[in-house]
Amino acid sequence: PGEPFSGPFVLTRRTPGLKMVLEPNETWTGPEPLLDRIEVQYVTSLRTLTELLAADRLEAASLPSAVNLGQRLDERGIEYSTALGTEVVYLDPASADLTRRERAWIQRTIDLEHLEEGLIRDDGRVAEPRGLGARPQKPDETVRLTVPAGDELLAVLAQNLQVQLGPDDPVVEIAVAEPAVVYGGGEGDPGGVKLIRGFGEPGPGTIPMFEVATFVAFRPDVVGVEANPTLEGPLWNAESWGLAR
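Keep in mind the model is a prediction, meaning the values are calculated, not measured. (Residues numbered from 1 in each chain as written. Predicted model: local features only at pLDDT ≥ 70, side-chain atom pairs only at ≥ 80, totals over all residues. Heavy atoms only, no water.)

A short note on the packing of aromatic side chains
- Using the criterion set out here, one finds one aromatic pair in the structure.
- Look at Tyr80 and Phe215: their rings are 5.9 Å apart centre to centre, the planes differ by 35°, and that puts the pair in the tilted class. Of the two residues, Tyr80 is situated in strand β5 (residues 79-95) and Phe215 in strand β10 (residues 207-218); the sequence distance between them amounts to 135 residues. (Phe/Tyr/Trp six-rings, centres within 6.5 Å; stacked < 30°, edge-to-face > 60°. Helix = DSSP H or I, 4+ residues; strand = E, 2+ residues; numbered from the N terminus.)

So, in structure tokens, the structure goes:
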């Protein structure tokens with residue numbers, strides 16, 4: 001709050017990890033925003049988000065892609081927009097004690113086409129493969145697979161990876177932690193191979209799995225909200241948002 005902004009809104013209040021308040025930027029020279037204020041709240045799970053939308057407790061929500069999410073929103077009478085662009089689900093082994101050959105084995109063993117057919121379906125596609133330049137070697141010890149809590153798709157993917165990588169003997173153990181810890185590290189981070197989401201090209205050494213659709217859901221009286229396939233996120237056209245009433 002108080003820092004200069006070049007967009008149509010400025011950050012006027014922030015509660016770390018919980019909420020941000022945006023208000024029109026007086027120095028903005030473009031079209032005047034239609035809303036006096038936008039409150040951005042963090043919600044811990046997809047289920048909670050959809051319940052808040054259905055109960056008219058939220059006007060709009062940025063939803064992580066999940067199995068049959070479009071069908072589930074239709075059943076609740078929730079309108080939504082979707083776009084397939086830069087959001088990627090990938091494995092990040094940076095915190096795991098794995099050799100390049102062991103990382104190559106994990107990449108080679110995962111059947112992405114099977115996972116796409118059963119879980120991703122029309123809401124994504126297999127990401128471009130990335131060569132690790134090593135001959136695959138199965139890990140000698142159990143691999144910890146860390147997943148952020150509340151992300152339904154990643155939780156189901158983790159269970160399927162556990163089966164694919166160890167059909168006869170266990171190779172993977174699953175650890176679940178708060179999203180802020182999984183993505184930001186620090187105290188309480190279980191480490192291991194992280195199954196996470198990101199926007200744009202994942203960093204070197206990672207294993208891209210799927211490019212997935214971005215969802216934005218909204219109440220019928222909210223106009224102008226639509227998903228954006230780029231890095232700008234759900235607020236990319238916030239100056240055009242309005243309330244029909």
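Brief notes about the pattern of salt bridges
- Applying the stated criterion to the full structure yields 12 salt bridges.
- Connected through shared salt-bridge partners, Glu59, Arg219 and Asp221 make up one network. (Salt bridge = Lys/Arg side-chain N within 4 Å of Asp/Glu carboxyl O.)

Here's the deal with the environment of Glu59
- Structurally, Glu59 can be placed in the loop between α1 (46-54) and β4 (60-63).
- Spatially, the C-alpha atoms of Glu59 and Arg76 are 15 Å apart, while their sequence positions differ by 17 residues.
- Apart from the residues lying within four places of it in its own chain, the contact partners of Glu59 are Leu53, Ala217, Phe218, Arg219, Val222 and Leu243. (Contact = heavy atoms within 4.5 Å.)

Quick word on the packing of helix α4 (residues 112-120) against helix α5 (residues 152-165)
- It is the contact of α4 with α5, at a shortest axis distance of 11 Å, that shows an interaxial angle of 145°. Relative to α5, the crossing made by α4 is right-handed. Contact with α4, carried on its side by His114, Leu115, Leu119 and Ile120, involves Leu153, Val156, Leu157, Asn160, Leu161 and Gln164 of α5 and no other residues of that element. (Axes fitted to C-alpha atoms, helices over the stretch in contact; angles between N-to-C directions. Left-handed = near helix turned anticlockwise from the far one by under 90°.)

Re the sheet that holds strand β2 (residues 19-24)
- Taken in spatial order, the three strands of this open sheet run β1-β2-β3, and their pairing is antiparallel. Since the sheet does not close on itself, it has two edges, and those belong to β1 (9-15) and β3 (38-41), each with one partner. Direction aside, neighbouring strands of the sheet carry axes that sit 20° apart on average.
- Pairing between β1 and β2: six bridges, direction antiparallel. Looking at the pairing, Thr15 lines up with Lys19 of β2. (Pairing = 2+ DSSP bridges.)

Some details on empty space enclosed by the protein
- Summed over all chains, the structure comprises two cavities of 30 Å³ or more.
- Forming the boundary of the largest cavity are Leu91, Pro93, Ile106, Ile110, Val143, Leu145, Leu161, Leu165, Val172, Val193 and Ile207.
- Of all the elements in the fold, those that place two or more residues in the lining of the largest cavity are β5, β7 (143-148) and α5.
- Its residues placed into classes, the lining of the largest cavity shows 11 nonpolar, no polar and no charged.
- Considering only enclosed or pocket space, the second largest cavity measures out at about 40 Å³ in volume.
- The wall of the second largest cavity is formed by Ser65, Ala66, Val67, Leu119, Ile120, Asp123, Leu153 and Val212. (1 Å grid on protein atoms, 1.4 Å probe; cavity = no way out; pocket = protein on both sides within 12 Å on 5 of 7 lines; lining within 4 Å. Points joined across faces, edges and corners; volume = space filled by probe spheres on them. Nonpolar A, V, L, I, M, F, W, Y, C, P; charged D, E, K, R; others polar.)

So, the side chain of Thr50
- Following the sequence through the fold, Thr50 ends up in helix α1.
- Thr50 sits in the buried class, given a relative accessible area of 13%.
- Beyond its immediate sequence surroundings of up to four residues, Thr50 is in contact with Leu73 and Ile78. (Buried < 20%, exposed > 50% of the residue type's maximum accessible area, 1.4 Å probe, protein only.)

Observations regarding α4
- Burial in α4 covers these residues: Leu112, Leu115, Leu119 and Ile120. Buried residues of α4, seen end-on, are gathered within an arc of 70° and therefore sit on one face of the element. Away from its buried face by more than 90 degrees, α4 exposes Glu113 and Glu117.
- Buried positions along α4 lie against β6 (124-126), α5 and β10.
- Its side-chain oxygen at 3.4 Å from the backbone nitrogen of Glu113, Asp111 defines the N-terminal cap of α4. (Arc of directions from axis to C-beta. Polar contact = N/O pair within 3.5 Å; in protein donor to acceptor, adjacent residues only side chain to side chain.)

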